[in-house]
Amino acid sequence: MNPNAKLTLVGAGPGDPELITLKGLNALKTADVILYDALVNPVLLDHSPEAKKIFVGKRKGFHRYSQDEINSMIVEQAFLHGHVIRLKGGDPFVFGRGSEEIDHAENFGLHTKIVPGISSSIAVPSSIGIPLTKRGVSESFWVITGCNSDRQLSLDVSLAAQSSATVVILMGMHKLNQITTVFKELGKGETPAAVIQNGTLESQNSGVGTIDDIEDIVAQKKLSNPAIIIIGDVVSEANNAKELSEKLELYLAS
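Notes on the structure in this doc start here. Remember, predicted model here, so these are calculated numbers, not experimental data.

## A short note on the sheet that holds strand β7 (residues 111-115)
Then, in step 1: The strand order β3-β2-β6-β1-β7 describes an open sheet built from five strands, whose pairing is parallel. Because the sheet does not close on itself, it has two edges, and the strands there are β3 (52-55) and β7. For this sheet, the mean angle separating the axes of adjacent strands, direction not counted, is 20 degrees.
Then, in step 2: Both strand β2 (residues 33-36) and strand β6 (residues 83-88) contribute to a ladder of four bridges, which runs parallel. Directly across from V33, in β6, lies its bridge partner V84.
Then, in step 3: Along the sheet face, helix α2 (residues 67-81) touches β1 (6-11), β2, β3 and β6 and points at about 145 degrees away from the line of β6.
Then, in step 4: Relative to the sheet, helix α3 (residues 98-107) contacts β1, β6 and β7, its axis offset from that of β1 by approximately 170 degrees.

Below, the structure is given as structure tokens:
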């Protein structure tokens, strides 16, 4: 066994390469091997010029490697080369299956370390001026996967829809019709809703409306994955932020 064999799980943040933590960057500089995901900004790989890089990303309908294969690869590469960085978009423990990878590595005696990342569930809404909580508007928020392990809509969506909380849905674009149906059946068709694609990147695009019209807005703007869905009264703050920005630009130009 390589005496330097170990695994560090690093959260790469929501997309903007400047939103990785300093601790994450320092870890990358010590990597012998980097296994990175589809949502990781490739610019981050430049911080490890000598490391071996292996793409192990998953997209809907395309999995280069299964999760079991990735788990095995972590151990194999650590034994062969030393320090393996598992670089994952957002935070590794927010729908990232990071705990499974840590458990597998430790079963083979590898030392492990976790570097948290900024989750897209928090950073992406704020990037267009949506606060997940606001005094007098929202006291809490749910972060839910749109698609469970059985490829069905999570049952938690209907539970969250019954609350007054902000609802953030990851990996839910292919279930958008089902999601809006859940809210409409509860009489919440006028609830503000937003979809943000490529959050925090230069290619970011978004649509803001209500449960009743968000599907039409998504179609008009041709929004698709990777994207997140935000539902709740705080979504109205996005329009307020936009209006303030436009007023400021007009003031500065005058």
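On we go from here.
## Observations regarding the pairing of strand β8 (residues 141-145)
Then, in step 1: When β8 meets strand β9 (residues 166-170), the two strands line up parallel, connected through five bridges. For I144, the partnering residue across the bridge sits in β9 and is I169.
Then, in step 2: In the classification by handedness, the crossover that spans β8, the intervening helix α5 (residues 156-161) and the parallel β9 is right-handed.

## A few points about helix α4 (residues 120-127)
Then, in step 1: Within α4 the residues assigned to the buried category are S120, S121, A123, V124 and P125.
Then, in step 2: Against the buried residues of α4 lie β8, β9, β10 (192-197) and β12 (227-231).
Then, in step 3: In the segment just after α4, G129 is the residue with positive phi, at about 85 degrees.

## As for the sheet that holds β10
Then, in step 1: Taken together, the five strands give an open sheet; going across it, the order is β8-β9-β12-β10-β11, and neighbouring strands pair in mixed fashion. Of all strands in the sheet, those bounded by a partner on one side alone are β8 and β11 (205-210). For this sheet the average axis-to-axis angle between neighbouring strands, irrespective of direction, equals 15 degrees.
Then, in step 2: Pairing between β10 and β11: six bridges, direction antiparallel. The residue bridging A193 from the neighbouring strand is G209, located in β11.
Then, in step 3: Of the strands in this sheet, β8, β9, β10 and β12 are in contact with α4, which crosses β12 at around 75 degrees.

## Some points on the nonpolar core
Then, in step 1: By size, the foremost hydrophobic cluster in this structure holds 22 residues, and its most contacted members are V157, I179, F183, V195, I229 and I231.
Then, in step 2: Broken down by secondary-structure element, the contributors of at least two residues to this core are α5, β9, α6 (176-185), β10, α7 (214-221) and β12.
Then, in step 3: The element that contributes the greatest number of residues to this core is α6, accounting for four residues.
Then, in step 4: Leaving out residues up to four positions away in the same chain, V195 has contacts with M173, N205, S206, G207, I214, V218, L223, A227, I228 and I229.

## Quick look at the pattern of salt bridges
Where side chains of opposite charge bring their charged atoms close, a pairing between them can arise.
Then, in step 1: Going through the model one piece at a time under the given rule, you end up with six salt bridges.
Then, in step 2: Among the ionic pairs, R97 bridges to E100, the shortest N-O distance being 2.9 Å.
Then, in step 3: Taking relative accessible area as the criterion, E100 reaches 34% and is therefore assigned partly exposed.
Then, in step 4: A cluster of three or more residues bridged by salt bridges with shared partners is formed by D37, R86, K88 and E101.

Procedures and definitions
Residues numbered from 1 in each chain as written. Predicted model: local features only at pLDDT ≥ 70, side-chain atom pairs only at ≥ 80, totals over all residues. Heavy atoms only, no water. Pairing = 2+ DSSP bridges. Helix = DSSP H or I, 4+ residues; strand = E, 2+ residues; numbered from the N terminus. Axes fitted to C-alpha atoms, helices over the stretch in contact; angles between N-to-C directions. Contact = heavy atoms within 4.5 Å. Right-handed = clockwise from strand over helix to strand, strands pointing away. Buried < 20%, exposed > 50% of the residue type's maximum accessible area, 1.4 Å probe, protein only. Core = buried A, V, L, I, M, F, W, Y, C linked by side-chain atoms within 4.5 Å. Salt bridge = Lys/Arg side-chain N within 4 Å of Asp/Glu carboxyl O.

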